[in-house]
Amino acid sequence: MTAQAIRPGKPAPLGATYVEDGVRFCLVARDATGVTLCLFDNDGDEQPSREIVLDESANRTGDVWHVEVSGLEAGALYLYRVSGPYEPETGHRYNEHLYLLDPYARALSGEAPWALQEQHADQHTRSSAARIPKCVVTAESDDVEGAKAPRHPLQLTVIYEMHVRGFTRSPSSAVEHPGTYRGIIEKIPYLTELGITSVELLPVHEFDEHENKNHNPETGERLVNYWGYSTAGFFAPKRGYAADAGHAAQVSEFKDMVKALHEADIEVILDVVFNHTGEGGADGPTFSFRGIDNSIYYLLEDDRRTYANYTGVGNTVNCNHPVVRHFILDSLRYWVTEMHVDGFRFDLASVLARGGNGELLENPPLLEAIAEDPILRSAKIIAEAWDAAGAYQVGWFYGGRWCEWNDRFRDDVRRFWRGERGMSSAFATRISGSSDLYSKGGRKPFHSINYVTCHDGFTLADLVSYSRKHNRANGEDN
């Protein structure tokens, strides 16, 4: 690595940003006692080629640690090491030996399987950087010419839920780039023929697909996380869905996909998972948030060692903390302004309404901010209006802008369909707009997202073919 000048920099914007002849790095780490920026020459390097130890007096403003490094260009690779107290009883789990992802990273590198499961939250744990993805400095954005958003009105919106890899991975899709963003572009004529107005992409935020520890009980094969509901990078599109192997190719290919869909008058809605992260509970890996500001990013129980679990997967994001709220809004704005998406479906959205003690807030600041944010004003916002801890808010989710997944439509239509007695009235209510749920609050029938099947449970084909599960290959006892 060539010699580079180091400047203190400024505390904004967060993440890695081009300035003058280099890159400015900014990281929020309130209770950290030290931050080290680690630069890498190659993705598979076990150790950084250079470490820049940030000085608290020169490189810290408030809770933001910052530095500018001249000479860096697009494709530069970096991680952080953050030091501070390892005191689970106070909510702090710092470990200066672990390499950490920047929460604001625009892209992650890496061809080999991640080794995050080896990075547990113990102060003595050391990690090699060889099999940890690196954050990639991305080029300044160019506007997507000709990618004018379709902006279909809600009452005319027909959503096609889609998994980027699964949509074209089968040879039957007959595409040149199966399982990728480019594969979706190739299938646009098919989508147009269906008559849909919008695709809703299951999670495309970067995640570790090798986190699944289960094995197929029939073949012994190690299983993967196919669905992606374990986010590791809320600004970074999934690397594995890119056809090109180059650093940050996923960013340009995602933009190309959005542009092509827009040109076909099809909107792009993202399924986003802000209610938890892929770090899991206390025995999970530490790859970012836990090692940077554990007590801020997560809801903790009274003992401060235990993670509140309103999500069923080990941790719950502290969504209404001002720092976290700012982070979530920054992510949403980035996907709208830089990646040009048209809306979001929020997984377990009731978690986003919980306060610092886990209580459901009457006026959640985050949900109000999302609905009223001027940049997000034209984006569709759809809530899965429940969580895994008993909250159920279908029909009364917050504010007039929010649409809701209507599981009452799903259940009543299914029951009517299979011939259950006494379902005619319920079916008529659902098919005519669910006035029992939405008219009292002054909302319209189009605030109800009506569906019969989704990624949870049976596919439509299986729904009409089976009376019980046939899913023994998942290693979870069916």
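Below or above, wherever it landed, is the structure these notes cover. Quick caveat: nothing in here was measured; it's all calculated off a predicted structure. (Residues numbered from 1 in each chain as written. Predicted model: local features only at pLDDT ≥ 70, side-chain atom pairs only at ≥ 80, totals over all residues. Heavy atoms only, no water.)

### Details of the overall build of the chain
In terms of regular secondary structure, the chain is built from 11 helices and 20 strands. At 23 Å, the chain has a C-alpha radius of gyration in line with the 23 Å of a compact globule built from 478 residues. Dimensions along the principal axes, computed over C-alpha positions, put the chain at roughly 75 × 50 × 50 Å. The buried share of the chain, reckoned over its 478 residues, is 55%. In the chain, of all internal contacts separated by at least 6 residues, the share reaching a separation of at least 24 is 70%. If you sum the accessible surface of the chain, you get close to 20,700 Å²; carbon and sulfur atoms cover 48% of it. Positive and negative charge centroids in the chain, built from 47 and 69 side chains respectively, lie 5 Å apart. (Helix = DSSP H or I, 4+ residues; strand = E, 2+ residues; numbered from the N terminus. Rg over C-alpha atoms; globule rule 2.2 N^0.38 Å. Buried < 20%, exposed > 50% of the residue type's maximum accessible area, 1.4 Å probe, protein only. Contact = heavy atoms within 4.5 Å. Areas by Shrake-Rupley, 256 points an atom, 1.4 Å probe, with all protein chains shown as cover. Lys, Arg positive; Asp, Glu negative; His and termini not counted. Charge placed at Lys NZ, Arg CZ, Asp CG, Glu CD.)

### Observations concerning empty space enclosed by the protein
Applying the stated criterion across every chain yields a total of two cavities of 30 Å³ or more. The computed volume of the largest cavity comes to approximately 60 Å³. In terms of lining residues, the largest cavity is bounded by Phe-234, Phe-274, Thr-277, Phe-289, Tyr-297, Tyr-298, Val-317, Val-324, Phe-327 and Ile-328. Elements with a contribution of two residues or more to the lining of the largest cavity: α5 (289-297) and α6 (322-337). In terms of residues, the lining of the largest cavity owes the most to one element, α6, which gives three residues. Taken together, the residues that form the lining of the largest cavity break down as nine nonpolar, one polar and no charged. (1 Å grid on protein atoms, 1.4 Å probe; cavity = no way out; pocket = protein on both sides within 12 Å on 5 of 7 lines; lining within 4 Å. Points joined across faces, edges and corners; volume = space filled by probe spheres on them. Nonpolar A, V, L, I, M, F, W, Y, C, P; charged D, E, K, R; others polar.)

### Overview of the pattern of salt bridges
Enumeration according to the criterion identifies 28 salt bridges in this entry. Glu-420 serves as the salt-bridge partner of Arg-418, at 2.6 Å between the closest nitrogen and oxygen. Owing to a relative accessible area of 62%, Arg-418 belongs among the exposed residues under this scheme. (Salt bridge = Lys/Arg side-chain N within 4 Å of Asp/Glu carboxyl O.)

### Focus: the nonpolar core
Membership of the largest hydrophobic core comes to 125 residues, with the highest contact counts inside it found for Phe-25, Leu-201, Phe-254 and Phe-346. No other element matches the nine residues that α6 contributes to this core. Leave out the neighbours within four places in its chain, and Phe-346 touches Val-272, Phe-274, Leu-332, Leu-352, Ile-370, Ile-381, Ile-382, Ala-383, Glu-384 and Trp-402. (Core = buried A, V, L, I, M, F, W, Y, C linked by side-chain atoms within 4.5 Å.)

### Remarks on the pairing of strand β16 (residues 267-272)
Taken across its six residues, β16 has six buried, putting it largely inside the fold. Of the two faces of β16, the one lined by Glu-267, Ile-269 and Asp-271 and the one lined by Val-268, Leu-270 and Val-272 are each fully buried. The pairing of β16 with strand β17 (residues 343-346) spans four bridges and is parallel. Directly across from Asp-271, in β17, lies its bridge partner Arg-345. (Pairing = 2+ DSSP bridges.)

### Topic: the packing of aromatic side chains
Inspection of every chain in the model, using the stated rule, returns 29 aromatic pairs. Between Phe-25 and Tyr-78 the ring centres are 4.9 Å apart and the planes differ by 70 degrees, which places this aromatic pair in the edge-to-face class. On the criterion of sequence distance, the pair formed by Phe-25 in strand β3 (residues 22-28) and Tyr-78 in strand β8 (residues 77-83) is long-range, its members being 53 residues apart. No difference in accessibility class separates Phe-25 from Tyr-78, as the two residues are buried. Against the face of Tyr-190 rests Lys-187, its NZ or CZ located 5.3 Å from the ring centre. Sitting over the ring of Tyr-310, Arg-354 keeps its end group 4.3 Å from the ring centre. (Phe/Tyr/Trp six-rings, centres within 6.5 Å; stacked < 30°, edge-to-face > 60°. Lys NZ or Arg CZ within 6 Å of the ring centre and 35° of its normal.)

### Topic: the side chain of Asp-342
Tracing the backbone shows Asp-342 in the loop between α6 and β17. The buried charged residue Asp-342 lacks any salt bridge, with Arg-151 as its nearest oppositely charged partner at 6.3 Å. At 2.7 Å, the side chain of Asp-342 forms a polar contact with the side chain of His-262. (Polar contact = N/O pair within 3.5 Å; in protein donor to acceptor, adjacent residues only side chain to side chain.)

### A look at the sheet that holds strand β4 (residues 34-40)
If you trace the four strands from one edge of the open sheet to the other, you get β5-β4-β8-β11, paired in antiparallel fashion. Sheet topology places β5 (50-53) and β11 (135-136) at the edges, where each strand pairs with a single neighbour. Across four bridges, β4 lies against β5 in antiparallel orientation. Bridging across to β5, Thr-36 finds its partner in Val-53.

### Things to note about the state of the cysteines
Enumeration over the complete set of coordinates arrives at zero disulfides. Of all cysteine sulfurs in the structure, the one in Cys-135 sits closest to Cys-26, which takes part in no disulfide; the separation is 14 Å. Residue classification places Cys-26 among the buried positions, given a relative accessible area of 1%. Left without a disulfide partner, Cys-38 is nearest to the cysteine sulfur of Cys-135, which lies 10 Å away. (Disulfide = S-S within 2.5 Å.)

### Quick notes on the environment of His-340
Along the polypeptide, His-340 turns up in the loop between α6 and β17. For His-340, a relative accessible area of 17% gives the class buried. Remark: the alpha-carbon pair of His-340 and Val-258, spanning 82 residues in sequence, is separated by 6.9 Å.

### Some points on the packing of α6 against helix α7 (residues 365-372)
Interhelical geometry of α6 versus α7 gives an angle of 25 degrees and a closest axis separation of 10 Å. Here α6 is positioned roughly parallel relative to α7, judged by the angle of their axes. The element α6 and its partner α7 pack so that their crossing is right-handed. Residues Arg-325, Ile-328, Leu-329 and Leu-332 of α6 touch α7, and the partners they reach there are Pro-365, Leu-366, Ala-369 and Ile-370. Looking at the contact of α6 with α7, its residues break down into seven nonpolar, no polar and one charged. (Axes fitted to C-alpha atoms, helices over the stretch in contact; angles between N-to-C directions. Parallel < 35°, antiparallel > 145°, perpendicular 65-115°, else oblique. Left-handed = near helix turned anticlockwise from the far one by under 90°.)

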